[in-house]
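Structural characterization, general
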Amino acid sequence: MLATAEEVAEAAAAEIAEALRGGATTLVLAGGTTPKRCYELLAGLDVEWGRVAVLFGDERCVPPDHPESNYRMAKETLLDRVAPATVYRMPGELGPDEGADLYAEVVANASPLDFVVLGVGEDGHVASLFPGHPALHASGLTAGIHDSPKPPPERVTLTMEALQDAGRVLILATGAGKAEAVALARRGESPSGMIAGARWLIDRAAAGQ
Ligand code: 6PG
């Protein structure tokens, strides 16, 4: 547990950079808001981005320049400032089913996924895998979501299978709003708790203190 969200962002950026310097070549980025500061700091660290392929854990079914796009968020905070060899954008704008079908091929060809960054929702969801949702048990590498409880409703996501097969998984949780999600995960009672071996970086507020 770290004291503040800034410290979580710093530690996460340093861990990702260290993994990339250590030979990790496929980096899966999370969406949402938690990772933004981490990505901003990561952009300033010493990494040979020419060795790195960037993928996404999930994407909303909106255009890539839409304010809700995870790709747009990663582009503005990181990808416009570094030059990965390849960025495999998740084509959410094609819709959940076509987007998932196309991206499954991408993940299969890019695997193994060396390093996956995830945020966690207040309900314990990771990527777009929500508690009690059938997609939690989907086979294959990606799934299309038509009824996300977190807007927007349509998304493309990696499956739990894909996340569990990854080399390293780093879950970031900051703020009091995530305290319940952290507690749920500790009890193994949420999607984020289903990823054995995931490493968590949380601040004091998310630890419930
Ligand atoms: C998404 C994200 C989602 C996010 C969590 C936490 O597309 O919404 O991938 O899984 O990581 O909902 O979101 P915040 O970081 O904004 O709290």
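Just so we're clear, the structure is a prediction, and the values are computed from it rather than from any experiment.

With that settled, the discussion passes to the sheet that holds strand β3 (residues 58-60). With antiparallel pairing, 3 strands are arranged side by side in an open sheet as β3-β7-β6. The open sheet terminates on both sides in strands that have one partner only, identified here as β3 and β6 (142-145). The average undirected angle you get between the axes of adjacent strands in this sheet is 15°. As judged from the 4 bridges shared by β6 and strand β7 (residues 155-158), these two strands associate in the antiparallel manner. If you follow Gly144 over to β7, its bridge partner there is Val156.

Here the focus is unusual backbone geometry. The amide bond that connects Ser111 to the next residue, Pro112, takes the cis arrangement and shows omega of 5°. With respect to the helices and strands, Pro112 occurs in the loop between α4 (96-110) and β5 (115-119). Note the cis peptide between Pro151 and Pro152, where omega equals -5°. Along the chain, Pro152 falls in the loop between β6 and β7. A positive phi angle, near 50°, is found at Ala127, a position not held by glycine. With respect to the element layout, Ala127 can be found in the loop between β5 and β6. The exposure class assigned to Ala127 is buried, which follows from its relative accessible area of 11%.

Glancing now at the sheet that holds strand β4 (residues 86-87). Two modes of strand pairing occur in sheets, parallel and antiparallel, and in both the strands are linked by backbone hydrogen bonds. Strands sit in the order β4-β2-β1-β5-β8-β9 across an open sheet of 6 strands; the sheet is parallel. Looking along the sheet, the strands with just one partner apiece sit at the ends: β4 and β9 (199-202). When β5 meets strand β8 (residues 168-173), the two strands line up parallel, connected through 5 bridges. Within the sheet, the bridge partner assigned to Gly119 lies in β8 and is Leu172.

In the vicinity of the ligand lie 15 residues, with Thr34, Asp58, His125, Ala127 and Lys178 positioned nearest. One of the backbone nitrogen or oxygen atoms of Ala127 is found 2.6 Å away from an oxygen atom of the ligand. A distance of 3.0 Å is found between an oxygen atom of the ligand and a side-chain nitrogen or oxygen belonging to Arg155. Protein contact buries 92% of the 420 Å² of open area that the ligand shows by itself. Tallied by class, the residues present in the shell around the ligand amount to 2 nonpolar, 8 polar and 5 charged.

Criteria and cut-off values
Residues numbered from 1 in each chain as written. Predicted model: local features only at pLDDT ≥ 70, side-chain atom pairs only at ≥ 80, totals over all residues. Heavy atoms only, no water. Pairing = 2+ DSSP bridges. Helix = DSSP H or I, 4+ residues; strand = E, 2+ residues; numbered from the N terminus. Axes fitted to C-alpha atoms, helices over the stretch in contact; angles between N-to-C directions. Buried < 20%, exposed > 50% of the residue type's maximum accessible area, 1.4 Å probe, protein only. Near = heavy atom within 4 Å. Polar contact = N/O pair within 3.5 Å; in protein donor to acceptor, adjacent residues only side chain to side chain. Areas by Shrake-Rupley, 256 points an atom, 1.4 Å probe, with all protein chains shown as cover. Nonpolar A, V, L, I, M, F, W, Y, C, P; charged D, E, K, R; others polar.

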